[in-house]
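Tertiary structure, described
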Amino acid sequence: MNYVVRFLDPRSNRIVEQQVDAAGSDEARQRIASAGNQVVSVRLRPAIAARPVRRIDLLSFCVELRALLSAGLTAVESLDALCAVQPDPERAAALQRVIALVRSGKPLAAAFATEPHQFPALFCSAIKGGEASGSVETSLAQYKDYLEMVGGLRRAVVGAAIYPAVVIAFGLLVMVFLIAYVIPRFAAAFSALPSASGQQEHSAILAAGIFVGDHWHILLAAALGVAVLAWRALRSPHSRERALALLTARGPIAAMATTYRRATTLRTQALMLEAGFQLPEAIGLSADVVGHADWAQRLRAVQRLISEGKPVAEAFANQRISSELSTRLIATGEKSGKMAAMMAAAASHHERELTWLVERFSRLVEPMLLIVVAVMIGAIVFAMYMPVFDLVSAF
């Protein structure tokens, strides 16, 4: 995280402000104080001002690093080769810092952990397990499979959301065009007819069109203001989390979100167990990377229940982390001692379930959205021509 530290510089006897990348405010304070400065304040730099970090493509990185290590190159030689072909200077600099630490004798996982913006904690934990077991290549292959699984689930969910979003956006554009452009001109032409006096007052859609035509600049400014406020609100992690919570509160979207979290959580724990971590530690890592506050609290509750002596399957079921079937699979793994394999099997079950839910949601929602948008546009057009029908029937 990026912190802004204000301190008294003893050389100039002035208050100086400096940005520091640190894991926490205490670390940022200690870095500045260690140089003999008197720290005045430490605050987190606002996220909106932070420059986006150009991240390394971890999927390609795992594939290439594993290939180089399997070919007999050392870790330093492999990283050096990957750094040489890295086109982005920022990412290349991060790799160079990792290489320098490995050359100085630091373990590979610990060196990666010094670059949290490029290498997430889960990746570092997988490498740490591989170093402990003497098979970094295997850990890289397992993490690659994990990334492919998570990426596949995300693509399925995003792909299912694209078509409805396009249909809704197109429908809204057509309705705005009708109300803001077509109807005001139609209303003006209709009101010019001598026999049409009093007819348009009975049409709400024509009145709305005339209002939009007369005050379009105010309505446009209001719409732009709302869009800017919404954009700024969604840049805040807290606002995004609240919006996501509302979107996934109930219905089929809630079922898909829960299944997705179950699949990713169980797959993460299977990865960590295969890397040699104990189950409580694997659950703690899952809570750190899940990206959902309520789900993370549930996982920490599971961790606490297991440390208190409750069976693993019962703790998962108690916090609704697992479904009925995956709870039975976890219980089987607990009895047989094959917890990693059963966690992976449970994750595969939820991955298949999510794929089925997404396909069913798409088949039901896509035609329904088309019908709703068509009915709304048709209703606007019909309401627009109603005064004409009334006028014709009067003769």
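Placed above this text is the structure.
Quick caveat: nothing in here was measured; it's all calculated off a predicted structure.

About the cut-offs
Once a new chain begins, its residue numbering starts again from 1 and follows that chain's sequence as written. Two thresholds apply to this predicted model, a pLDDT of at least 70 for residue-level local features and 80 or more for giving and counting side-chain atom pairs, whereas whole-chain, interface and lining totals are computed over all residues. The side-chain numbers reported here are obtained from all heavy atoms of the structure, hydrogens and water having been left aside. Starting at the N terminus, helices and strands are each numbered in turn, a helix being any DSSP run of H or I of at least four residues and a strand any DSSP run of E of at least two. By the convention used here, residues are in contact when the closest approach between their heavy atoms is within 4.5 Å. Only the protein chains shown count as cover for residues, with accessible areas throughout obtained via the Shrake-Rupley method and a probe of 1.4 Å. Counted as salt bridges are all cases of a side-chain nitrogen of Lys or Arg within 4 Å of a carboxyl oxygen of Asp or Glu. Categorising residues by exposure relies on relative accessible area from a 1.4 Å probe, with only protein chains included: less than 20% of the type maximum marks a residue as buried, more than 50% marks it as exposed, and the intermediate range marks it as partly exposed.

**Concerning the overall build of the protein chain**
Helix and strand counts for the protein chain come out as 16 helices and 3 strands. Within the protein chain, counting contacts between residues at least 6 apart in sequence, those at least 24 apart form 56% of the total. Accessible area for the protein chain stands at about 22,500 Å²; split by element, carbon and sulfur atoms hold 61% of it.

**Details of unusual backbone geometry**
Look at Arg320: it is not a glycine, yet its phi comes out positive at around 60 degrees. Counting through the fold element by element, Arg320 comes out in the loop between α14 (312-318) and α15 (324-336).

**A closer look at the pattern of salt bridges**
Applying the stated criterion across every chain, the model contains 8 salt bridges. Between Glu115 and Arg97 there is a salt bridge whose closest N-O contact spans 2.6 Å. A residue pair is termed long-range when its members are at least 10 positions apart, and Glu115 in the loop between α5 (108-113) and α6 (121-133) and Arg97 in helix α4 (residues 89-103) qualify at 18 residues. Note on Glu115: relative accessible area 11%, which makes it buried. Here Arg97 falls in the partly exposed class, since its relative accessible area comes to 43%. Between Glu148 and Lys144 there is a salt bridge, with its nearest N and O atoms 3.4 Å apart. Taken together, the positions of Glu148 and Lys144, both in helix α7 (residues 136-191) and 4 residues apart, correspond to about one turn of that helix. For Glu148, a relative accessible area of 38% puts it in the partly exposed group. For Lys144, a relative accessible area of 18% puts it in the buried group. Taken together, the salt bridges that share partners define one network made up of Lys144, Asp145 and Glu148.

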